[in-house]
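A structural walkthrough
Take a look at the letters that make up each chain.
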Amino acid sequence: MADSPLVWWRRQGLRFRLTAAAAAVLALALALSASVLVSVLERALMDTVDESTRAQAQAVRVAADAGTLTSPITTHDGTIVQVIDAQGRITHVTYGTDRLVPLLDAGARAKVLAHGKATLLDGRPYAIPGFLRVVVLSADRGLTVVAARPISEIQTSLVTAGRVLLVGTPALVVLLAVASWLMIGRTLSPIAALRRGAADITHTARSRRLPVPQSRDEVHSLATTLNGMLARLEEAEQRQRALVSDAAHELRSPLASIRLQLEVALGHPDGQDWQETAEGVLEDTLRLSRLAEDLLALARLDERGGVPARREPVDLDEVVRQTVDRYAEARLAVCDPVVVRGDALDLSRVLTNLMDNAVRHTTTKVEVALTADGVLTVTDDGPGIPEQDRERVFNRFTRLDTGRSRDEGGAGLGLAIVRETVRAHGGTVILEDAGPGLRAVVTLPRMA
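These remarks concern the structure in this document. Everything quoted here is computed from the prediction, not taken from an experiment.

Okay, the packing of helix α8 (residues 344-361) against helix α10 (residues 414-424) next. Close contact between α8 and α10 brings their axes to 9 Å; oriented N to C, the two are set at 145°. Classified by chirality, the crossing of α10 by α8 is left-handed. Within the contact between the two elements, α8 uses Asp346, Arg349, Val350, Asn353, Leu354 and Asn357 and α10 uses Gly414, Leu415, Ile417, Val418, Thr421 and Val422. Of the residues assigned to the contact of α8 with α10, the class counts are six nonpolar, four polar and two charged.

In structure tokens form, the structure reads like this:
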């Protein structure tokens, strides 16, 4: 079954469709222009002939009124003139004009006089080739002046102009179609370069970028945007690979510990303290569980693209009180009522991670404060963190030299989860010196 014209059209290339559309519009415009040109030219030439013929008829009428008509009547431009009396007899004519048969009968003459405009007359019945433009004027003593002028030259000129336009218009359309084809091809060449560049980018050449044209046009903007997208995709892939690599490294240690403990216990069952072995395996299993939960939390944050799971009113002061109550070392200094928009579970996890870090490194106490402007602080009196490392500790799987023990320092994901969650809620988190100790400052936007 043959495709419909619309389906066929859609299957053609963009270059062909643009060229065809431009050529079609141009052809239509030129056809209309040619038609208008011929019409205007015909009207202008006819008006010129009518004015000249009327001027000759007026001159003959003046002479007829004055009784100075000559026989034959003399005209300088070949105008045919007949003077007819009240009885319909021809009294005066120009040289070579019929003296017996008027160009217009009485009825036709009266009609032309009533309209006051020239009329078109076929001259062949009067042995005059071609058509005539006839003007009729009324003179004194019942005389009527009939003046006519052949328009064969005008018709020949119009036919010639029509033929020129008939040949020249298609040629011009073809010429401009070829020019459009070449110009559109040059315009689309950067897009073809983008396509070839995209085809060259594979899993083994991710760092390559699409060619950016020098012209500052839409294609340049498209190439720049696509290169930015490729850079973000490459960065996301590198982060994913780094996360997988770091996660595998972190998982290897507890898994190796569990395997070693079980192999030793099975190899020496008689001298093994199974209670101690079970406690060791349980400890490593808890470490694996915490790591899996942290990885799952980060994966969910990445999947949501920096947007909280829920956006609902949260009484942040209630979340702070409930979390602080679970820590014996913590003291709640200030807790003003604050309502924010977000996810209560995620915000609770933020405070829990900050509290775990503070409790792990504090010497005597941890102080928590929530002020009415939405600023949450968690302060400990431990050794603190050097200023040059306070930003680095928010990276995933980052542990400082003093906290590298996996038993004491965790996997290095807690602060990364804190920052990603706070950013998803439109806030900020920083670490600052508490002298002594460290203070984590979380700022969240309050609900109006």
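The strand order across the open sheet formed by five strands is β7-β9-β10-β12-β11, and the pairing between neighbours is mixed. Every interior strand has two partners, whereas the edge strands, β7 (330-335) and β11 (428-433), have only one. On average, adjacent strands in this sheet sit at an angle of 15° to one another, irrespective of strand direction. Sheet topology note: the β11/strand β12 (residues 438-443) ladder contains six bridges and is antiparallel. Across the sheet, residue threonine 428 finds its bridge partner in β12, namely threonine 443. In the packing of helix α7 (residues 316-324) onto the sheet, contacts are made with β7, β9 (366-370) and β10 (375-380), and the angle to β7 comes to roughly 165°. Against the sheet, α10 engages β11 and β12, with an angle of about 135° to β11.

Parameters and conventions
Residues numbered from 1 in each chain as written. Predicted model: local features only at pLDDT ≥ 70, side-chain atom pairs only at ≥ 80, totals over all residues. Heavy atoms only, no water. Axes fitted to C-alpha atoms, helices over the stretch in contact; angles between N-to-C directions. Helix = DSSP H or I, 4+ residues; strand = E, 2+ residues; numbered from the N terminus. Left-handed = near helix turned anticlockwise from the far one by under 90°. Contact = heavy atoms within 4.5 Å. Nonpolar A, V, L, I, M, F, W, Y, C, P; charged D, E, K, R; others polar. Pairing = 2+ DSSP bridges.

Purely geometric numbers; function is a separate question.
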